[in-house]
Every structure is written in structure tokens, then in C-alpha cells.
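Reading the structure
The chain contents come next:
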Amino acid sequence: MSAKRNKDIKVLQGNEACAIGAVAAGVNFFAGYPITPSSEVAEFMARHLPLIGGRFIQMEDEIASIAAIIGASIAGSRSMTATSGPGFSLMQENLGLACLAEIPCVVVNVMRAGPSTGLPTQPAQADVMQTRWGTHGDHAIIALAPSTVLECIELTVCCVSLAEKYRTPTVLLLDEVIGHMRESVTLPPPGSYHCESRGTPGADLDDYCPAACEGDTVAPLGHFGGPHRFHVTGLTHDKHGFPTMVPDEVDQKIHWIVDKIESRADELAMNDEFMTDDCDVLLFAYGSTARVAKASVRQLREQGIKAGLLRVKTIWPFSGKRLHELAPQLRGIVVPEMNMGQLVLEVERTIGGGVPVRRLGRVDGRLFTPDQITDFVTEELSA
Amino acid sequence: MSQAIETARTYLKPHKKLPTVWCGGCGLGVIMSSLLRVISKMEIPKNDIATVSGIGCTGRMPTYVDSNTLHTTHGRALAFATGVKLANPKLTVITAMGDGDALAIGGNHFIHACRRNIDITAIVANNCIYGMTGGQYSPTTPHGKRGTTAPYGNVEHEFDASALAAGAGASFVARTSVYHVRELDKMLEQAIRHRGFSVVEVMSNCYTSYGRLNKYKSPVDMFRWMKESSVTLREAERMSPEELEGKFTRGVFVENYMPEFIEVYDNLAERLTSDSTTVATQLRETVERYERLGDRLKAVG
Ligand code: SF4
């Protein structure tokens, strides 16, 4: 192995890998507030952004952090913040503003056990539904969940790219285990990650419609200080960005911000499968739980049970496509989650009673063990 | 007069959004006209201005001003503005907030913005009430005065917004009222020219929600109150605390030249990028390798 290659093999922590992904995606503004177990992301950005022409600021709270990244995005930056459950709760109102005003930005949420202060240093996957429904009013969101440290880099790049492409906030959902886990990562060669950008408004300065919501394409977003002057508001607005209460315009706007994401659920779906070809029992999992579930699949196979794993990386928008395709061969689906049953609701909704869906929740602040999932499967689905 | 029309034509959005949502006789129009006059006099290109607000009657100001405009959530104008300024320091960033917006729900952002000294101008239109929601008492409603949620008179004591800003470290703090229009123009100009965080507290009148509840006969009666109950800094120096009771002081309270946040940050970045020690060089090489993982940066570099 050459010396040069060696330099590209690194032992990285999940949180650190997120920050590396952000740098790779051209994030040049970060605002954050300290919170366990996500602070390493902010620390990395504080150390590195000034070296590459970016700016970092520690705000007075999480409300201010997300406000600052939205403001920075409007002024032309690629921006990101990182937090955990309590801080994510505080961010909800402004997250809604970014959804409605269609401002690209990325929130990393390293999930810890809640509710309230909960267990700051223990893992959970309890913010899945908060991510989707936490802010008030109808809206949609994109959320991705990595299972490995390398994926923390990849999916952070995806979050930035999708935020830019669809002009929407995106959420990277880590759990404490993935955020703090260290793995050996071989950095891919330069230029490996593609990142979309929000486009440039046309030359017509007088008729720029920053909030156009017609057809298939998301309007390009100018930036404050650029050639186009424009208005951004958290009030429901018309295509020029000005407040409106005209029912048709309001209706069109709300459908637009939901449909531009929900209608692309299948296109945005990223999955990883393990031994699903011939499986009749499907484990459906994400994040660190999926790593444990994979070990369970092996155990179950040893016992002669034809188990397989569908691991979703795209949490929102939820795509049922793969589940539908697999359903005919299945006699049961088991959904282990470090919560009392959140994404399983989407699985149940998709399957609609055709195949038994069993929830396996864990909320004691501990990771699943392979035995726990294996035993649950054998008890529930031994037929 | 023609000058005023000219200013309005140039700096109001040429859009269907007029007349304003504000009540007749409201002081907010006075503040906005003053702002328009000042940016016109200073000849700041409209594309180089970002006007940012939160929620409330004052929060509607950006809807009319023809610059880049950002109407945010309640209390958060300064936090959004901080991001705007850091992303594009060339912009002249002005926030317009009411007393509830700036000092209650946004109080935390207000004091920290004062402390950080980022080059933003904060206009606090202080009419001592929540106007838009119908007259609930605010953090600046004087003790004993009425609001719809203080039907028997305010039990609490009010903030002195300028003293709060000065205490929190703002490098420019001034106060005047919508009655003292020339002074307002002057202070706004000074504030915008000031390099650092500047606060201009403007005592304003909300006849609709505050005036009627507190026995003022008309908006004009409230202008009279502002004229009669305000004293200049110089006058205040010669007055006893008893004489100053129920009055407010006008003037520039703080004007300090302190290093501005972005200037300091960028100087630091400059030092780091030209640091030739091995540790610094290695750190830069590592982060540049991370940067190049993306195709966007590879394409340009
Ligand atoms: S309610 Fe008060 S502050 Fe609001 S516009 Fe009317 S007079 Fe002005």
C-alpha cells in the first residue's frame, strides 16, 4: 500500500464525518448551539470553516441557530446546523418558515432518548415523526438516516444537494450510536460526490418570481446582494413572494410545498437490502438499528428462517414501493426501532393489513442486541 | 414635498401592496419615511440593503421598503439578520422590530446581538404595547398603564430598552421619538454609518391599541405627550430623579468604536490561512482534501 493511499484511510467518528460531508458539499456557513451528542459537528466546523473561506458562529440558542442558517442561505451561503432532540424541538417554528419560503438548509439531528432532557448520552430514534410533523401546518420534509460512518459523509452531501435542488430544509437523522461511533473510512477520490445547486434566476430583473409554484421545476433562488431584489416571508405568499390571502393562491402554495417532495418519494428513495431475494420474513430498519438487524438476519438464517433486511436511508418522504414489491413473498414484517413505534406506522399504512407487521420498540436508552430481534422474530412469526 | 414623493417613488416597492396595513396616525409610517429618507440621502443601492423584521405591526415594514426584504418569525429578526450579514458582509443590514418583538420573545437575540457587535442596525419601534394583537401589555408598557391583559393597570415594571442595549454592550445606542423627526433622521443615519451593532429606539404611538386604553384623546394627543414628556440628555443631566419620573430621555447614549465581529473573524481567518507552521499547513491540507471530495469544488479548483 502506497504512502499516499494510507493518508486517505482515516478513523472517523460519525459526527466528524457529517462535518466532512458538509465541507465536501460546499457548506460555507454553520451556526449552532452546543448540545450532546451533536457538539462535535459544530466543533469541527468552528475549526475548519475559517480555513476555507467559510464562517462559523455559535448562536445564543437553537432558535437563533436555525434562523441564522436560513438568513445565510438567503444571502447565498450553503448552510447547516447540528443539534439533538431538545434543540430540534426549538427549531421547529423556523423549520416551517424554511419549508414555506423554500429556503435550502440542512439540520443534522443526532437523536438521543427523550422526551424532555431525557438521556442526553444515550441513543434513540425518537424524532422520526417530529422530523415529519414537528412544525405546524401542512408541509413536507426530506430526511435521511445513515448507518455507517462513510454514509454520514455521503448522506450529508445528499442532504445539501437535495436541499439545494428542491429548495427545502433537509434533515440528517443520526442516532447517538452512529454520531459517536468510530469506523475506518477510505476517502473516495476527489470529485466523487456530486452536489446540486439552487440555480440562477433569469436575466429579467423586474419579473423575478422567487416563489413561483407551477409546473415541475422549482424556481431558482437568487441571493440578497445579487442582481435580483426580492422579498421573503413566513406569511403565505404569491409567486412574487408577497403575502396573499387569495384562496386559490394559498391552496396552490400549500399543495406545491407538499407535492414537490411527496410526489418524488420513489425517486428519492435510497435503500439497501440484505438477503431479500428469497426472504419470507422481512426486517425493516434504519440507522444503527439496521446494523443489529443485519446480524439478526444471519442468526435467523442459521435457524432455517428465511429472513432478509430492507434498510431505508431515505426516511422522508416515505416510499412504499419496495415494500409493495416484496409483500407477495412475505409472511411477516418486523420493524425494530429505538422508539415506541414511529416509522412502523408508515410500513403498516403501506402494507394495509396484507402481511402481518410486528413492532419491536426499545426505549430504555440501550441498543438492540441481535438476540433480542432474533428471539422476537421467532416468537412472533413462528408458524 | 416633491423631494418626499421622489424618495417614496424610489424606495417604496412599486407594487400593489399599498396602502400600508397601519392605522391612520400610527407612528410607524413616520419611522419608515425617515428610514427611506436616510437610505436615499446616503445613496445606498437598493440591492445592497437587506431589511429584516419579525412579527407585529413593525414587522410589516419590509413589505414596503424596496430593498432585499425578509419578514421572519416573531422575535427572530436579529438572528436571521446575523446569518444574512455573515453570509454577505457587503450588505447594509437593517432590522425593524417592535417592543414585544425585540424585547420579549426576541430578548435573548437582542442582548446577544448587542454583545457580538456585528454591523447591523436595529430599529426598535417602542409603542409600549402589542398593537397588532389588540393591545396586550408589553415589556415596555409603563407600570400602572393599561393593556387588554392589564385591565387594572400593569403590575409589572417596564424595560428601558436603550439602557438594556447599552448594558448588553451595543456600540451605538440612541433614542428619540416619532415627534422628533429631524433627530430621528440624524440618528438613523449615524446608526447606519456606525461600524458595529447599533440600536435606535424610537418612541412611537399606537393610538388604536395603547392610546385609547390609556385615555389619550387622539393620535395627535399622543404626539403631544411625546413632545412634552421627553427631555434631551443635556436637560436630563440637570434634573432630579423625581423630575425625571414618567419622562424619557432622548439622545445618543453610546457611541463606541469597537472591533466589529466579521472584521475580527476575517482577520483571524487570514492569519490562519497564511500560517506556515507544520501543524497549520497539515490542517489546511486535510480540510482541502475534504473539500475536493465534492465535484463542485473540483470543477472550479
Ligand atoms: S395597531 Fe397600533 S402600532 Fe399597529 S398600526 Fe395601528 S396604531 Fe400602529
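Residue numbering note: each chain is counted from 1, following its sequence as written. Each chain is given a letter, starting from A, and each ligand a number, starting from 1, according to the order in which they appear as written. In keeping with the model being predicted, local features are shown solely for residues with a pLDDT of at least 70 and side-chain atom pairs are shown and tallied solely at 80 or more, while totals for entire chains, interfaces and linings include all residues. Only heavy atoms go into the side-chain values, all of them from the structure, while hydrogens and water stay out.

**Re the domain arrangement of chain A**
Residues and elements named next belong to chain A. Going by this rule: What fixes the domain bounds is an automatic or database domain assignment. Contacts were defined at the residue level, with two residues in contact if any of their heavy atoms lie within 4.5 Å. A simple way to read buried area is as the amount of 1.4 Å-probe accessible surface that goes missing from two parts once joined, with both sides added. Within this document, salt bridges are pairs made up of a side-chain nitrogen of Lys or Arg and a carboxyl oxygen of Asp or Glu, the two lying within 4 Å of each other.
If you check the domain split of chain A, you get domain 1 (9–186) and domain 2 (272–382). Just the C-alpha atoms count here: the centres of domain 1 and domain 2 sit 27 Å apart. Counting residues at the interface gives 26 residues for domain 1, matched by 24 residues for domain 2. Around 2000 Å² of area is buried between domain 1 and domain 2 when both sides are counted, 55% of it from carbon and sulfur atoms. Remark: the boundary between domain 1 and domain 2 carries 3 salt bridges. Note that K313 is salt-bridged to E151, the shortest N-O span being 3.7 Å.

**Describing the domain arrangement of chain B**
All names here are of chain B. Put simply, the rule reads: Under the rule applied, a polar contact is a pair of N or O atoms within 3.5 Å (in protein, one hydrogen donor and one hydrogen acceptor; residues adjacent in sequence only if both atoms are side-chain atoms). Put simply, Ala, Val, Leu, Ile, Met, Phe, Trp, Tyr, Cys and Pro go in the nonpolar bin, Asp, Glu, Lys and Arg in the charged bin, and everything else, Gly too, in the polar bin.
By the assigned domains, chain B splits into domain 1 (2–258) and domain 2 (259–301). If you average the C-alpha positions of domain 1 and of domain 2, the two centres end up 39 Å apart. Facing the 11 residues of domain 1 at the interface are 5 residues of domain 2. Around 670 Å² of area is buried between domain 1 and domain 2 when both sides are counted, 64% of it from carbon and sulfur atoms. Linking R195 and E263 is a salt bridge whose minimum nitrogen-to-oxygen distance equals 2.5 Å. Summed over the shared surface of domain 1 and domain 2, the result is 5 residue pairs in polar contact (both at pLDDT 80 or more). Tallied by class, the residues present in the side of domain 1 that touches domain 2 amount to 5 nonpolar, 2 polar and 4 charged.

**A few points about the pattern of salt bridges**
Residues and elements named next belong to chain B. What counts, and what does not: Here a helix means four or more residues in a row that DSSP labels H or I, a strand means two or more in a row labelled E, and each is numbered from the N terminus. Burial classification: accessible surface area is computed with a 1.4 Å probe over protein chains only, and a residue below 20% of its type maximum counts as buried, one above 50% as exposed, and the rest as partly exposed.
One pass over the structure, following the stated rule, counts 34 salt bridges over all chains. In this structure, the salt-bridge partner of R175 is E201, at a minimum N-O distance of 2.9 Å. Within this pair, whereas R175 is found in strand β7 (residues 172–177), its partner E201 is found in strand β8 (residues 198–203), the two being separated by 26 residues in sequence. E201 carries the same exposure label as R175, and that label is buried. One network of salt bridges, in which partners are shared, links K85, D119, R195, E260 and E263.

**Quick look at the site of the ligand**
Here is the rule: Only a single heavy atom is needed: when it lies within 4 Å of a molecule or strand, its residue is near that molecule or strand.
Around the ligand sit W22, C23, C26, C57, N127, G131, C206, T208 and S209 of chain B, and those are all the residues in its vicinity. Looking at the shell around the ligand, its residues break down into 5 nonpolar, 4 polar and no charged.

**Overview of the state of the cysteines**
Quick note on the threshold: The disulfide criterion used throughout: a pair of cysteine sulfur atoms within 2.5 Å.
Under the counting rule described, the total for this entry stands at 0 disulfides over all chains. In this model C209 of chain A remains outside any disulfide bridge; the closest cysteine sulfur is found in C213 of chain A, 9.8 Å from its own.

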